[in-house]
Amino acid sequence: MNPLLEREKGLLELERRIEDLRSANEGQRIDMSAEIASLESKYRQLLAEVFGSLSPWEKVHMARHPRRPTTLGYIAGLDAFDELHGDRMFRDDPAIVGGFARLGGHSIVAIGQQRGRDMKENLARNFGMSTPEGYRKGERLALLAQRFNLPLVTFVDTKGADPGILSEEHAQSEAIAASLEVFAALRVPTLCVVIGEGGSGGALALAIADRVLMLEHSVYSVASPEGCAAILWGDASKADEAAAHLKLTASDLRGFGIVDEVIPEPLGGAHRDAAATVTRVLDRIGAVLDLLESFSLPDLLNARYEKYRRLGSWRDSLATDGAP
Amino acid sequence: MNPLLEREKGLLELERRIEDLRSANEGQRIDMSAEIASLESKYRQLLAEVFGSLSPWEKVHMARHPRRPTTLGYIAGLDAFDELHGDRMFRDDPAIVGGFARLGGHSIVAIGQQRGRDMKENLARNFGMSTPEGYRKGERLALLAQRFNLPLVTFVDTKGADPGILSEEHAQSEAIAASLEVFAALRVPTLCVVIGEGGSGGALALAIADRVLMLEHSVYSVASPEGCAAILWGDASKADEAAAHLKLTASDLRGFGIVDEVIPEPLGGAHRDAAATVTRVLDRIGAVLDLLESFSLPDLLNARYEKYRRLGSWRDSLATDGAP
Amino acid sequence: MPMADWLRGGRNREKVRDDAAQWVKCPSCGEVLYRPDLSANLDVCVRCSHHFRMHAHDRILSLIDGDFEEIARGILPADPLSWTDKKSYPQKLAADAAKSGMDEAVLCGFGSIGGYELALGVMDFHFRGGTMGSVVGERLTRLIEAATERGLPCAIFTASGGARMEEGMLALMQMAKTTAAVVRLKASGQPFLTVLTDPTTGGVSASFAFQADVILAERNAMIGFAGRRVIEQTIRQRLPDRFQTAEFLLERGHIDGVVDRPNLKPTLERLLGYARAGMQRRKRAELSA
Amino acid sequence: MPMADWLRGGRNREKVRDDAAQWVKCPSCGEVLYRPDLSANLDVCVRCSHHFRMHAHDRILSLIDGDFEEIARGILPADPLSWTDKKSYPQKLAADAAKSGMDEAVLCGFGSIGGYELALGVMDFHFRGGTMGSVVGERLTRLIEAATERGLPCAIFTASGGARMEEGMLALMQMAKTTAAVVRLKASGQPFLTVLTDPTTGGVSASFAFQADVILAERNAMIGFAGRRVIEQTIRQRLPDRFQTAEFLLERGHIDGVVDRPNLKPTLERLLGYARAGMQRRKRAELSA
Ligand SMILES: [Zn+2]
Ligand SMILES: [Zn+2]
């Protein structure tokens, strides 16, 4: 159970009462505007209390919120979408959705990780954890973008790679490694938006891009906080502590140069105004595509190389004597 | 049961008697040289009778002869061989064998279809019928030849594609189609030798090459004679008739321009002197590689294109008025 | 040539139409359909949406905006193997020509779909089961080469029982020949699309059909390399009905999508729109370089 | 630097050796082995051929003909996340340095194997479980870039528990950084080889380890993306012993071959020989063009 749902209960109760008062007020002789305004003020106060400042662990829950817009939500907001399927060999992985699309003046290829919006869909889509077939589908569609000479836009929203027997048997490592190679070398502009949870190598497989955008309350991490806590301390219940250590928030990652732009969310999170969030994200994608289209391909590829080349933090103990 | 084995029985009997006489003759006072010479003459006569002129259907059996040298026989004759495995995704198909190799002054990549030399090996190697994973392994090794900038040599010896459920489920059509594309575009010299049975699309998947060589008694056909008879006449037992129709012998195919060179076999077939056959084939491969290395890559690719571009037989009813 | 003239052009299409029975029973739902109505509905059963196998001319008519510039129509079959079994190969060809109104198993040419010019090849199962011999290979190769030269996308509708036995290895080699042409088309940057219709098997399935950038299939089309009967004989058991259907292949990840016939033209239009957008990006980049 | 000096160079290898117990029990067959004998036998059990995890210096010594020109040795870890749990990250690093004689989990440089010059990176599980943080990524990237510049093949021996948690997302990004360098190496025409040693998992497995042209593995090495325990917890059942072994991966087609340690050097020599032959072909073509 997502703890945010519990904390949102008071807000939802207040919302309902305001709505009731409003409809009761309509066409009545006694004016209750003052009462309504008072409740609304209380509501805004509570909202700020609950969501004004989220801890990293709270952001993880925000990123996993069941009503948070998913890849299909953004795809529905595109001006056109023609879905394409399959890895051409073995399976059509429903945890990866992709196809040709239009967004304003841009024809693009869009690919995203799709988790379920309820338990039934989660089972069908393996909770958004793609199998090797999914990475190969993504890789194929990325190469199709290159064949058609169209920019590529990806949506990242996954707990990570699938920890299953079949995925290991079908060479999950190879599938992710090959996807990284394709994305790093792709000869069209590429743009990635982390819309929910960016989990480890499973996320990175779709996330090497000329520009990486990230929603304010999304998270993007080297490992899930639960996994990290289990690895380091043998205790997955210390996930909140791990979340604080991992520096997985959008603002942390903007600071490291891993994320190029943070897209603000409505107070209380993307799901509190999904339509506005989708519009805002798609607007930013359009604007960044406009920008990327102003560069030549060689400049784009060099900049992409240099961007990833720089990432990391180390000291050079021999730097003064001109060692390598 | 291969009918050639039946017909060879008399020869084998004669061979054994000559051998017996020879060893009996050694160190004996009575000289039996005359008797031996007489038997040897009779043997040569019988050999010519049995094998001097083979019908197409007999050549099919020659191509399938259980003692005929297979891919591994030729590989064993190479100066070095470092086997490589797998399609990187799903399986290492034992019906396709490949790796780096050296032949005289040439470093190459060699790939071949490997049928079994007995029933047990045939079961392990699926009678030389590769699955989609096998074509993908072949495709990967062909691309590896290109990565290493080494000529590619293939050995064709397969009844054809695997008519199994799993092979269809794993996209056999796509696997063959992709292999054709890779071989057609490969930016290194390519050479193919049809050493046994070249069966349909399964054979062609490894057989697009700058030069196609073919052993004298090998066959290479659009469909197996049994399959052709079943398709056309609903009666696989008319395979001998189909074999005659299909023009599947090396000399037929040399005539069509599909095969560039026919390599002679010992009288009685390759298996009657496997060592000499292997040496002769490897010599020819070396010589053709020498030749191919004298062309520039653009010339090679153009010639490869033009060679396949020409194949076919049609009439142009509008040719006089300059229609396309 | 104007479409109306082209449809008549020497191919006895009208005659074929006249001779044909005016009523046809749907093999899927049993409904008896009036042939002109069926044709008007793109050869799709009005009751159960069963997709009848389409004639190449009708297919082109259903897709192309205005006129169709046919190419390679002079390329006609020879008899390289002097093949004769119950009938000679030329006799078989003549019989199929009379029956189908086609002179070979493919029509190739240029036209527009929704304003987007393209090279279009359409195979026809009614001529020799859509088998690929030298003429199918040669016509398609000329089409693909012409698309490369003119800088246009290429789409091929497949329908084929595989390689044509009566041309032996020359038939098999058409897989290599068309592949070589596809490689050059792709190298030139032009998109390649295929639509697999019922049935697409054997040498066609294992060459250009599955070499396309985007592979669509018509609903319920049978698609595979090995024929259903061959597999059943090999494994000695009956295959499930869905095996090798377009829908099965979609689940298995082999193809990009399954399309109902009425949606094909709009779908192709949208794909060609994406292709055009990509070409415009390329031209802009070349201009600014 | 001469090999002997390099081996001593500031890394307390001798001290580590002195401190170590002189007897070690083989975890596979139980044989008690004298450590100098074990070292002389490439850390392979004389009785059962169990392959012990090798130290990077020993590995390099076992492969390289003469001297090893180490690069990027000045690149040392920082503490970008100011990580502290039971110990601080710098404390953990210091402890592993003392224990392993390494200052990070990889050694990179140039040398020759059987006369063939190459760029060689060797990971070491004894330092932070071979996890990849910024230093591993940076050193390997410099190695790959230098191979590209010098026109030499590159080989990397992997041994890694995955990404290093204590560097968070900066660790994950090393997968992207090394990948970008591999793309350029390959584009330059230079071959890329990897040898996967026990264990190779997580972010290393899912990046350069599986991006090589030829991928070998040491016998019985454990190789996979997800850890065995994670999978077992997820599926709530025990995995078979062979799962994720080198031999299992070979059967499954993931890798080119499984090699016993004594055969590694001759195998690499032959592979480098093929690479050299290909480069000579390229040079001949350039000369005649
Ligand atoms: Zn019907
Ligand atoms: Zn032991």
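Residues numbered from 1 in each chain as written. Chains lettered and ligands numbered in written order. Predicted model: local features only at pLDDT ≥ 70, side-chain atom pairs only at ≥ 80, totals over all residues. Heavy atoms only, no water.

S.K.: Got a minute to help me understand the coordination of the zinc ion (ligand 2) in this structure?
M.R.: Geometry reference: four tetrahedral donors at a metal, ideal angle 109.5 degrees. Six octahedral donors, ideal angles 90 or 180 degrees. All names here are of chain D. The zinc ion (ligand 2) binds to the protein through C26 (SG), C29 (SG), C45 (SG) and C48 (SG); the donor distances cover 2.3 Å. One can describe the site at the zinc ion (ligand 2) as tetrahedral: its four donor atoms subtend angles covering 106 to 114° at the metal. Counting gaps between the donor residues of the zinc ion (ligand 2) yields the pattern C-x2-C-x15-C-x2-C. Of this pair, C26 sits in the loop between β1 (23–25) and β2 (32–34) while C48 sits in the loop between α3 (35–40) and α4 (56–63), placing them 22 residues apart in sequence. (Donors = N, O, S within 2.8 Å, 3.2 Å for Na, K, Ca; no water. Tetrahedral: all angles 85-135°; square planar, octahedral: opposite > 155°, others 65-115°. Helix = DSSP H or I, 4+ residues; strand = E, 2+ residues; numbered from the N terminus.)

S.K.: Could you clarify how one ought to interpret the domain arrangement of chain A in this entry?
M.R.: Accessible area lost when the parts come together is the quantity often used to give the size of an interface. Residues and elements named next belong to chain A. You can read the domains of chain A as domain 1 (3–52) and domain 2 (61–309). Taking the mean C-alpha position of each, domain 1 and domain 2 sit 36 Å from one another. Both faces combined, the contact of domain 1 with domain 2 buries some 820 Å², and carbon together with sulfur accounts for 66% of it. Looking at the side of domain 1 facing domain 2, the largest losses of area belong to L4, E8 and F51, adding up to 50% of the total buried there. If you look at where domain 1 meets domain 2, you find two salt bridges. With a shortest N-O distance of 3.3 Å, E8 and R272 are connected by a salt bridge. Summed over the shared surface of domain 1 and domain 2, the number is five residue pairs in polar contact (both at pLDDT 80 or more). Counting residues per element, the ones that place at least two in the side of domain 1 that touches domain 2 are α1 (3–25) and α2 (33–51). (Domains from an automatic or database assignment. Buried area = accessible area lost by both parts, 1.4 Å probe. Salt bridge = Lys/Arg side-chain N within 4 Å of Asp/Glu carboxyl O. Polar contact = N/O pair within 3.5 Å; in protein donor to acceptor, adjacent residues only side chain to side chain.)

S.K.: Which parts of the structure should I look at to understand helix α7 (residues 168–187) of chain C?
M.R.: Because each turn of an α-helix spans 3.6 residues, side chains separated by three or four positions end up pointing in the same direction. Here α7(C) spans 30 Å end to end across 20 residues, near enough to the 28 Å set by a 1.5 Å rise per residue. After α7(C) finishes, the residue C:G189 shows a positive phi value of roughly 95°. (Expected span 1.5 Å × (residues − 1).)

S.K.: Explain the interface of chain A and chain C to me, please; I cannot follow it from the model alone.
M.R.: Contacts between the two partners involve 28 residues from chain A and, on the opposite side, 25 residues from chain C. Carbon and sulfur atoms supply 46% of the area buried between chain A and chain C, which totals about 2000 Å² over both sides. For the chain A face of the interface with chain C, the top three residues by lost area are A:R88, A:R147 and A:F148, together amounting to 38%. Our count for the chain A to chain C interface comes out at five salt bridges. Applying the counting rule to chain A against chain C returns 17 residue pairs in polar contact (both at pLDDT 80 or more). Partitioned by chemical class, the residues of the side of chain A that touches chain C number 13 nonpolar, five polar and 10 charged. (Contact = heavy atoms within 4.5 Å. Nonpolar A, V, L, I, M, F, W, Y, C, P; charged D, E, K, R; others polar.)

S.K.: Would you mind showing me how to read the sheet that holds strand β8 (residues 192–200) of chain C here?
M.R.: Within a sheet, neighbouring strands are paired by backbone hydrogen bonds and run either parallel or antiparallel to one another. Residues and elements named next belong to chain C. If you trace the seven strands from one edge of the open sheet to the other, you get β3-β5-β6-β7-β8-β9-β10, paired in mixed fashion. Only two strands of the sheet have a single neighbouring strand rather than two, namely β3 (69–70) and β10 (257–259). Sheet topology note: the strand β5 (residues 106–113)/strand β6 (residues 116–123) ladder contains eight bridges and is antiparallel. Within β6, the residue paired with G111 across the bridge is L118. Contacts from helix α4 (residues 56–63) reach β5, β6, β7 (154–160), β8 and β9 (214–218), with the element oriented near 160° to β6. (Pairing = 2+ DSSP bridges. Axes fitted to C-alpha atoms, helices over the stretch in contact; angles between N-to-C directions.)

S.K.: Looking at this model, I keep getting lost on the coordination of the zinc ion (ligand 1). Mind explaining?
M.R.: Residues and elements named next belong to chain C. Looking at the zinc ion (ligand 1), one finds its protein donor set to be C26 (SG), C29 (SG), C45 (SG) and C48 (SG), positioned 2.2 to 2.4 Å from the metal centre. One can describe the site at the zinc ion (ligand 1) as tetrahedral: its four donor atoms subtend angles covering 104 to 115° at the metal. Spacing between the donor residues of the zinc ion (ligand 1) along the chain follows C-x2-C-x15-C-x2-C. Since its relative accessible area comes to 26%, C48 is described here as partly exposed. (Buried < 20%, exposed > 50% of the residue type's maximum accessible area, 1.4 Å probe, protein only.)

S.K.: Just to check I follow, could you spell out the pairing of strand β2 (residues 96–103) of chain A for this structure?
M.R.: Residue and element names in this part refer to chain A. Burial of β2 is extensive: seven of the eight residues sit out of reach of the surface. Examined bridge by bridge, β2 and strand β3 (residues 106–113) share eight bridges and lie antiparallel to one another. Bridging across to β3, A101 finds its partner in I108. Here β2 hands over to β3 after two residues, with G104 in that stretch at a positive phi of 55°.

S.K.: Looking at this model, I keep getting lost on a nonpolar patch on the surface. Mind explaining?
M.R.: Taken together, the side chains of C:W23, C:V32 and C:Y34 present a nonpolar region at the surface, about 330 Å² in accessible area. Position of C:V32 among the secondary structure elements: in strand β2 (residues 32–34). (Patch = residues over 30% accessible without salt bridge, like charges linked within 9 Å, V, L, I, M, F, W, Y side chains within 5 Å. Areas by Shrake-Rupley, 256 points an atom, 1.4 Å probe, with all protein chains shown as cover.)

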